[in-house]
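Now for the letters of each chain:
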Amino acid sequence: MKTTRHRSSSRSAPARATAGGPFRELAELRARLAEADETLRAIRSGEVDTVVVAGKQGPQVFTLQGAEHAYRVLIESMNEGALTLTADAVILYANQCFAGMIKLPLEQVMSGSFHRFLSAADQAAVRPLLKRPAKSGSKFQAVLHAGNGSQLPVLISIRPLATPGALGATIGMVVTDMTEARQSEERLRALSHRLVDVQESERRRVAVELHENISQLTYAILMRCDTLARKLPARAHTSRVELLKLRDLLDQATEEVRRIAHGLRPSALDDLGLLPVLRMACEQHGERARVQLNLEGVRRIARLPAAVETALYRILQEVLKNVEQHARARQVTVCLRQQGDAVQLAITDDGIGFDPDRPPAKRKRKGGLGLLSMRERAASVGGALNVKSTPGQGTTIRAQIPFHSCALTHPRL
Ligand SMILES: Nc1ncnc2c1ncn2[C@@H]1O[C@H](COP(=O)(O)OP(=O)(O)OP(=O)(O)O)[C@@H](O)[C@H]1O
Ligand SMILES: [Mg+2]
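In what follows, the accompanying structure is described. Keep in mind that what you see is a predicted model, and the values were worked out from it rather than measured.

So, helix 7 (residues 237-264)
The terminal C-alpha atoms of helix 7 lie 41 Å apart, and with 28 residues this matches the ideal 40 Å at 1.5 Å per residue to within 8%. Along helix 7, the residues classified as buried are L243, R247, L250, T254, V257, A261 and H262. Each element contacted by the buried residues of helix 7 is listed here: helix 6 (179-231), helix 9 (274-289) and helix 10 (306-327).

Next up, the structure:
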């Protein structure tokens, strides 16, 4: 059977001078601290199921419903912070793990406001979730400001425990420390950027080798074929026809090697910069996919850092691939703009569109890597990618990348 105790845990009454002077006052404070300690111990061990908190409108009784001993032991052994709160964010109960997270003794946590551990922006985000908690629960990411001045990235899950407006604990909260998850994310991101760099330099190397070795070799063979054809006597007509067919095949092979090398890494990207290469990519894509492709935007643009130009070119390639594979578009507009120290590439199609908020697994086809790799490309140069699409209304992909411009400019489009 549970013992019920009623305790007063007023934090608001200031210490008053009494007839006995400071010693008496000190003794009184000590006694109240001991009482608070005992109450906390009793709450945590499940001996108490009711707490009285002194408030502005007099004492309020909070019933620790369902706080049976077994559950308390379970909650205390969790590796996550667990709290119950009023809708006004007053902490009625917190486990030891939460106290550890915010580096404060448990008694300084209880009956205080949860808001004091949050920034003003996070307070504004959490307030409506506590006042009107969603039945199915809600989650948001925040940064906890601990008692020792340190900061902790956390995931906060909120669930209603009782009808809003009811006295007592209305909210249950679980606080998950995201430090390790964030560190792993950062490590993965760094690895992914490194892989992209390695892939890019490997592509450049293979493109140069194809161009310098294979293309030049096939070109030399072509020249010899031409010379041989000219030298053949008139009676060797059949041989000349065969030789010219062989020359055509070689010509096709040379063009194919050039196309592959260009796809791997257009040398114009290094030599001339982004704008001419975007123009070439748009022309080629327009012809191949039979869509009307317009290139709009600036006529002159500063020569961008190589990493930014490469990222934007790869994003365009990936977007045009998606347009060709999924969009069923008739018209595509590619727009490159420079706004101050940022460059923006926006590609809009008038195709079938899609719902970007639906996880790929829920779409008919299994989700691919294109959109993800575009985001990573943009992030790798400090930018961001925005996907705007509605089923039936086309798609706009916008990459915004900050840069420190160099003096060179491109010729007119
Ligand atoms: N322009 C677009 N129009 C219509 N749907 C699109 C468009 N771009 C992307 N999608 C949808 O988004 C999904 C995810 O695109 P994503 O590029 O990430 O993967 P994928 O193209 O399916 O595969 P991968 O790029 O790895 O070859 C596509 O399968 C498609 O359903
Ligand atoms: Mg794709």
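Structural notes on the packing of aromatic side chains
According to the stated counting rule, one finds three aromatic pairs in the structure shown. The interplanar angle of 75° and the centroid separation of 5.8 Å between the aromatic rings of F98 and F117 together place this pair among those described as edge-to-face. Placement of F98 in helix 3 (residues 96-101) and of F117 in the loop between helix 4 (106-109) and helix 5 (120-131) is noted, with a sequence separation of 19 residues between them. Assessed through its relative accessible area of 0%, F98 is described here as buried. Residue F117 is classed as buried on the basis of its relative accessible area of 3%.

Structural notes on the sheet that holds strand 9 (residues 331-339)
Here five strands make up an open sheet; going across it, the order is 8-9-10-12-11 and the pairing mixed. Each end of this open sheet is capped by a strand with a single partner; those strands are strand 8 (292-297) and strand 11 (384-389). Strand-to-strand twist in this sheet, taken as the mean axis angle between neighbours without regard to direction, amounts to 10°. Relative to strand 12 (residues 395-402), strand 11 runs antiparallel, the two being bridged by six bridges. Within strand 12, the position partnered with V387 by the bridge is I397. Sheet strands touched by helix 10: strand 8, strand 9, strand 10 (342-349), strand 11 and strand 12. Its angle to strand 10, the strand with the most contacts, is close to 10°. Packed on one face of the sheet, helix 11 (residues 370-380) meets strand 11 and strand 12 and runs near 145° to strand 11.

Observations regarding helix 6
Owing to its 3.6 residues per turn, the α-helix aligns residues three or four sequence positions apart on the same side. For helix 6, built from 53 residues, the straight-helix expectation of 78 Å at 1.5 Å per residue is met to within 8% by its first-to-last C-alpha distance of 77 Å. The axis of helix 6 is deflected most strongly, by about 25°, at L210. Considered for burial, the residues of helix 6 that qualify are H193, V196, E200, A207, S215, T218, L222, C225 and A229. On its buried side, helix 6 packs onto helix 7, helix 10 and helix 11.

A look at the pairing of strand 12
One ladder, built from eight bridges, connects strand 10 with strand 12; its direction is antiparallel. Residue A346 lies in a different strand from strand 12, and its bridge partner there is R398. Remark: five residues form the turn of the hairpin made by strand 11 and strand 12, two consecutive strands paired antiparallel; G392 in that turn has positive phi of roughly 85°.

Some words on unusual backbone geometry
A positive phi is found at S111, a non-glycine position, where the angle reads about 65°. The residue S111 is located in the loop between helix 4 and helix 5 in this model. S111 sits in the buried class, given a relative accessible area of 18%. Positioned with a positive phi, R290 is a non-glycine residue whose angle comes to about 50°. Residue placement: R290 occurs in the loop between helix 9 and strand 8. On the basis of relative accessible area, R290 is assigned to the exposed category, the value being 76%.

Cut-offs applied
- Residues numbered from 1 in each chain as written.
- Chains lettered and ligands numbered in written order.
- Predicted model: local features only at pLDDT ≥ 70, side-chain atom pairs only at ≥ 80, totals over all residues.
- Heavy atoms only, no water.
- Helix = DSSP H or I, 4+ residues; strand = E, 2+ residues; numbered from the N terminus.
- Expected span 1.5 Å × (residues − 1).
- Buried < 20%, exposed > 50% of the residue type's maximum accessible area, 1.4 Å probe, protein only.
- Contact = heavy atoms within 4.5 Å.
- Phe/Tyr/Trp six-rings, centres within 6.5 Å; stacked < 30°, edge-to-face > 60°.
- Pairing = 2+ DSSP bridges.
- Axes fitted to C-alpha atoms, helices over the stretch in contact; angles between N-to-C directions.
- Bend = angle between axes of the 7 residues up to and from the residue.

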